[in-house]
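What follows is the residue order along each chain.
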Amino acid sequence: PALLQEQELSSSEANISWQGVRETGTSCMWTNCDEVALGPTTCHHWRCICKEGYYYNKEASKCTAEPTDLGDLDTGGKCRWTNCNPSRGLTRCVSYKCLCLAGYRAHEGKCIPKEGMRQTPETGIACGSPSINDLCWKAVDWAMYDGIYADPKEYPGLHAGASSFDEFQLFINKIDPVTCPKPCPTMYETFSSPRLLDPSYHPVKGVSYGPAPVKKPGSPLNNDDFMADITGAMWADWGRGDLQLIKDMGGNTIRMYGNDANTSHRSFLDLAYKKGIDVIAGMSDFGFTQGPDNCLINDWYCFDEAYFFYHKNLLMGFAIDDFKRYHPALKALILANEPDLKVHPRSLTCRAMASVFDAILQAEKDVGVTGNPIALTITWSFALFPDAQVHPNAPALGQMEEFWKCLQQGTDRPPINYKPKNDLVKAFRERFVHSFNTANKAEEVARMMLDKYVHSSFWTHELKVPVFIGEYHSVHGDMMRDLSTAISMAKSSRYPFFMGYSFFEFSRSYWKGGPEMEFGMFGYGDCPLMDMNYTGLTYTIWNLIPLKDRHHSDLPAALKKAFLKDPGLPKLLSHPHITCKGSTKGLP
């Protein structure tokens, strides 16, 4: 009888301690609660229930943290005895309250999409991107940069460093639709030949982007890859918003410099694509002249280094769809920046460039990237070389002609002595565009180079190779006039081969000091927006302030006038979504 009373008391206590929305429906009489499958749980009277602060999410089949922003989610409906009324929209029952699903907010008793979210017409379900403080963002960020590296098999169909934020968000959504809404679908364009070679493609209205986040010459800078995902504090919408700023100024192209093949570039390319900004990436000088086994010390044989780094680029965001095609935001790759000033003796420039060119083609072939082909280019200096074999009095054009002549004659001949694995002449005809850097005024560039280009080997009935300026900024000129003049020449009837230019540069390179302080349309102000941890160091992301040319014109206004015919300064400079930090731990 005593035992029976104890059993009856235990049964009564079990009934009294029923936990409602915390009940998972799983027993722990013989085994422990499976927290991997169920989430944060505890064993209570032989039943697995969610821990305090969690509820059993039926959609995800696991315990989920109770939301804290109930005022934004609470429709006012109750679900203690019945389900939520369908008239309230997409809801879930949490602690007997009808709360809106992720991506929605309560309005007059119904769930409507939050700002930044929208309903897809096929399903009527909200889609969108979470903000950086949302639990969904944190879950996706952890999966992208921690989870998949620790246990790749748990993320079938996803690739570390290559899959997008949206793809990871969709994966989280399938596991826990309450935490994460579905991402809105992105329709990636498809093309069969390089877009920059299409005569009908828009002129290049570009900005050269190398925003080193230091304000003092000589400050340590371990890496200059600013299209890396981790540098989003500068270019992302949740950061300083540099990509949006370039778009607001009328820019449609961004020319990049550093390229760390060990880091992902997918988020940068995705955001650029969504904003309609083409990306011209470059091969880093690390493998060219700086690394431990660079091609300078290998007598300018560059194939091995270039292949090693570019093969990794293709696997870390440059290619999509299981590496079958290029990311459509990526429109061109600069094989080297001003190699004519770096290769000594200059006679071996062709060996260096042919081996890099060959390595890029081979890496594409080995990975299997065939769709959305990008243009390939070498960005030459505007120097004159009197010993040039062709056009010795035409800066940049002489270097271009020399390289083309070398390819046609065969690079396996002395003194080049390089036997390519691929048909470089065929690839040149199908994919090459020309580019050069200059600090000359528009009229000087036209007289010294463009007027001669029309009579060169590159603009004939048999061969059409367009050209763009990779760095353009004359510190001596009136930029309010000169930038507009230069863009008016792009794809004009006089210069149909001239694609446009990339203004040099987005922000002042304080770390270089000296003459480089003359360039940059933005300087760094005194408002620390946030700290950025990058390559083991902490940098301060400062606000941007407009700089003036020698004629006292605001450079951002001059560029905006050239691109949009509107000289007004961009509104984003006020950084309305970020307040100044009281202090910073970043480098000076």
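Before reading on, note that the structure itself is shown above.
Please read all numbers here as calculations on a predicted model, not as lab measurements.

Reading the values: rules and limits
Residues numbered from 1 in each chain as written. Predicted model: local features only at pLDDT ≥ 70, side-chain atom pairs only at ≥ 80, totals over all residues. Heavy atoms only, no water. Helix = DSSP H or I, 4+ residues; strand = E, 2+ residues; numbered from the N terminus. Buried < 20%, exposed > 50% of the residue type's maximum accessible area, 1.4 Å probe, protein only. Areas by Shrake-Rupley, 256 points an atom, 1.4 Å probe, with all protein chains shown as cover. Lys, Arg positive; Asp, Glu negative; His and termini not counted. Charge placed at Lys NZ, Arg CZ, Asp CG, Glu CD. Salt bridge = Lys/Arg side-chain N within 4 Å of Asp/Glu carboxyl O. Phe/Tyr/Trp six-rings, centres within 6.5 Å; stacked < 30°, edge-to-face > 60°. Right-handed = clockwise from strand over helix to strand, strands pointing away. Pairing = 2+ DSSP bridges. Axes fitted to C-alpha atoms, helices over the stretch in contact; angles between N-to-C directions. 1 Å grid on protein atoms, 1.4 Å probe; cavity = no way out; pocket = protein on both sides within 12 Å on 5 of 7 lines; lining within 4 Å. Points joined across faces, edges and corners; volume = space filled by probe spheres on them. Nonpolar A, V, L, I, M, F, W, Y, C, P; charged D, E, K, R; others polar. Disulfide = S-S within 2.5 Å.

Let us look at the overall build of the protein chain. If you tally the helices and strands in the protein chain, you get 16 helices and 24 strands. On the principal axes, the C-alpha backbone points of the protein chain span a range of 110 × 55 × 45 Å. Put simply, the protein chain has 588 residues, and 54% of those count as buried. For the protein chain, the exposed surface amounts to about 26,300 Å²; the carbon and sulfur share of it is 54%. Of the side chains in the protein chain, 60 bear a positive and 67 a negative charge, and the two mean positions are spaced by 4 Å.

With the rule as written, the count across this model stands at 26 salt bridges. Residue Arg22 pairs with Glu52 through a salt bridge whose shortest N-O separation is 3.2 Å. Of the two residues, Arg22 is situated in the loop between α1 (2-16) and β1 (23-27) and Glu52 in the loop between β3 (47-50) and β4 (54-57); the sequence distance between them amounts to 30 residues. Owing to a relative accessible area of 66%, Glu52 belongs among the exposed residues under this scheme. A salt bridge links Asp566 to Lys560; its shortest N-O distance comes to 2.8 Å. Note on Asp566: relative accessible area 34%, which makes it partly exposed.

Our focus in this paragraph is the packing of aromatic side chains. For the structure shown, the criterion picks out 28 aromatic pairs. Aromatic side chains Trp404 and Phe428 sit 4.3 Å apart centroid to centroid with 15 degrees between the ring planes, which places their arrangement in the stacked category. Taken together, the residues span a long stretch of sequence, with Trp404 in helix α12 (residues 397-409) and Phe428 in helix α13 (residues 424-431) at a distance of 24 residues. Here Trp404 matches Phe428 in class, with each residue buried. Ring centres 4.6 Å apart and planes at 20 degrees place the aromatic pair Phe428 and Phe432 in the stacked group.

Now for the pairing of strand β22 (residues 498-503). For β22, the buried fraction is high: six of the six residues fall into the buried class. Running through helix α15 (residues 479-489), the crossover from strand β21 (residues 467-472) to the neighbouring parallel element β22 is right-handed.

On the basis of which strands lie adjacent, the open sheet formed by three strands has the order β6-β8-β7 and antiparallel pairing. Sheet topology places β6 (74-78) and β7 (91-94) at the edges, where each strand pairs with a single neighbour. Averaged over all neighbouring strand pairs, the angle between strand axes comes to 35 degrees, with direction disregarded. Across two bridges, β6 lies against strand β8 (residues 97-100) in antiparallel orientation. Of the residues in β8, the one forming a bridge with Lys78 is Lys97.

Ordered by their spatial adjacency, three strands build an open sheet running β1-β3-β2, and the pairing between neighbours is antiparallel. The open sheet has two free edges, formed respectively by β1 and β2 (41-44), since each of these has just one partner strand. The mean angle between the axes of side-by-side strands here comes to 35 degrees, regardless of whether they run parallel or antiparallel. Two elements, β2 and β3, share four bridges in a ladder whose sense is antiparallel. Residue His44 lies in a different strand from β3, and its bridge partner there is Arg47.

What follows deals with empty space enclosed by the protein. Any space left empty among the atoms is revealed by the rolling of a water-sized probe across them. By the definition in use, this model includes one cavity of 30 Å³ or more. In this model, the largest cavity occupies a volume close to 30 Å³. Residue lining of the largest cavity: Met144, Tyr145, Tyr149, Gly161, Ala162, Ser163, Phe168, Asp229 and Ser264, and that is the complete set. In terms of residues, the lining of the largest cavity owes the most to one element, helix α4 (residues 135-150), which gives three residues. For the lining of the largest cavity, the class distribution of residues is five nonpolar, three polar and one charged.

Here we come to the state of the cysteines. Within this structure, the stated rule accounts for 11 disulfides. What pairs with Cys50 in a disulfide is Cys63, and their sulfur atoms sit 2.1 Å apart. In this structure the cystine formed by Cys50 and Cys63 twists about its S-S bond by roughly -85 degrees; its chirality is therefore left-handed. Separated by 13 residues along the polypeptide, Cys50 in strand β3 and Cys63 in strand β5 (residues 62-65) bring together distant segments of the chain. Cys63 matches Cys50 in its accessibility class, with the two residues each being buried. Cys84 shares a disulfide with Cys98; S-S distance 2.2 Å.

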